[in-house]
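Residues per chain, in single letters:
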Amino acid sequence: AEQFLEQAQRARQDGALKVSLVHIEQGLQAMPDHPDLLSLKQEVLQEQADLQRQEEAARRQAEAEEGEKAATAQRQERADEFLAQALNEQRRRAYETSLLRIEQGLQQIPDHEQLLALRQEVRKQLREAQAAPPAPAVQPTTDDSAKIAALLNECADHLRANRLTVGRGGNAADCYNEVLKLDRGNTEALAGIDRIAERYADLVTAALNDGDTSRA
């Protein structure tokens, strides 16, 4: 038993806990009530359990980090998609819609440098466009006027329900853009687009204030 005790202690010192337990069991077969072997067995079992808990904690931490990396990459991809859409709307001089796409992108990555820079640029372009003499308005036809009125009511419903850019059965952004296709200067639709952008801006600001850059 003493020989097995010595072998078990040496194996434990080498970090070979399973081997140590084998030697302990061999010693206990020779002397089941050997106090030093029984005490060593409890210590080795406790050490083994501690190591397993540490390994499990490390594994969970690694999985969490990998998950966060994947989520960050996905948010970055979505933000870049909104950047491309915002640039396209800017080229079309649809500055209100461009600002909306920018705010959607910033909700994904609040400190996205290109989106932040583009927001300043588009805001300036929008102010300049609003300050310029208005182009002669093209009055919509009677049929279009009725359709626009119905669409505006639908858009307002989406906005009240907070279906800003997604939603089953439609959303406010798509709805207002449909109005603008029929009447480019429709003030109610332009104001609606502005309200959507403002709501996204509020969400981005709240996320930054909370230190939560992952809120989507």
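Conventions and cut-offs
- Residues numbered from 1 in each chain as written.
- Predicted model: local features only at pLDDT ≥ 70, side-chain atom pairs only at ≥ 80, totals over all residues.
- Heavy atoms only, no water.
- Buried < 20%, exposed > 50% of the residue type's maximum accessible area, 1.4 Å probe, protein only.
- Helix = DSSP H or I, 4+ residues; strand = E, 2+ residues; numbered from the N terminus.
- Polar contact = N/O pair within 3.5 Å; in protein donor to acceptor, adjacent residues only side chain to side chain.
- Contact = heavy atoms within 4.5 Å.
- Axes fitted to C-alpha atoms, helices over the stretch in contact; angles between N-to-C directions.
- Parallel < 35°, antiparallel > 145°, perpendicular 65-115°, else oblique.
- Nonpolar A, V, L, I, M, F, W, Y, C, P; charged D, E, K, R; others polar.
- Salt bridge = Lys/Arg side-chain N within 4 Å of Asp/Glu carboxyl O.
- Core = buried A, V, L, I, M, F, W, Y, C linked by side-chain atoms within 4.5 Å.

Draft legend 1. Seen up close, helix α7 (residues 172-182). Of the positions making up α7, those classed as buried are A172, A173, C175, Y176, N177, V179 and L180. Taking the backbone nitrogen of A173 as reference, a side-chain oxygen 3.2 Å away marks N171 as the first, capping residue of α7.

Draft legend 2. Structural context of the side chain of H158. Mapped onto the elements, H158 comes out in helix α6 (residues 142-160). According to the relative accessible area criterion, H158 is buried, its value standing at 5%. Contact partners of H158, with chain neighbours within four places excluded, come to R163, G169, G170, N171, A172 and C175.

Draft legend 3. Here's a closer look at the environment of P110. Along the chain, the position of P110 falls in the loop between α4 (95-108) and α5 (113-131). Along the backbone, P110 and A79 are 31 residues apart, and their C-alpha atoms lie at a distance of 9.2 Å.

Draft legend 4. Structural context of unusual backbone geometry. Within the chain, R93 stands out as a residue other than glycine whose phi angle is a positive 65°. Turning to its location among the elements, R93 is positioned in the loop between α3 (35-91) and α4. Residue R93 is classed as exposed on the basis of its relative accessible area of 62%. Here the phi dihedral of N162 falls at roughly 65°; this positive angle occurs in a residue that is not glycine. Mapped onto the elements of the fold, N162 is located in the loop between α6 and α7. Judged by its relative accessible area of 48%, N162 falls in the partly exposed class.

Draft legend 5. Highlighting the packing of helix α1 (residues 2-13) against helix α2 (residues 17-30). Look at α1 against α2: their axes get within 8 Å of each other, and the N-to-C directions meet at 170°. Looking at the two axes, α1 sits roughly antiparallel to α2. Facing F4, Q7, A8, A11 and R12 of α1, the residues of α2 in contact are L17, V19, S20, H23, I24, Q26 and G27. Of the residues in the contact of α1 with α2, the class split is six nonpolar, five polar and one charged.

Draft legend 6. Local environment of the pattern of salt bridges. On inspection of all chains with the given rule, the structure shows 16 salt bridges. In this structure, the salt-bridge partner of K41 is E25, at a minimum N-O distance of 2.8 Å. Here K41, found in helix α3, pairs with E25, found in helix α2; they are 16 residues apart in sequence, far enough to count as distant. K69 is the salt-bridge partner of E66, the closest N and O atoms lying 3.9 Å from each other. Of this pair, E66 and K69 both sit in helix α3, separated by three residues, roughly a single helical turn. Through salt bridges with shared partners, one network takes in E56, R59, R60 and E63.

Draft legend 7. Up close: the nonpolar core. By size, the foremost hydrophobic cluster in this structure holds 18 residues, and its most contacted members are L100, L152, L159, Y176, V179, A189 and I196. Apart from the residues lying within four places of it in its own chain, the contact partners of L100 are T165, A173, I193, I196, A197 and Y200. Listed in part, the 13 residues of the second largest apolar core include A79, L99, I102 and L115.

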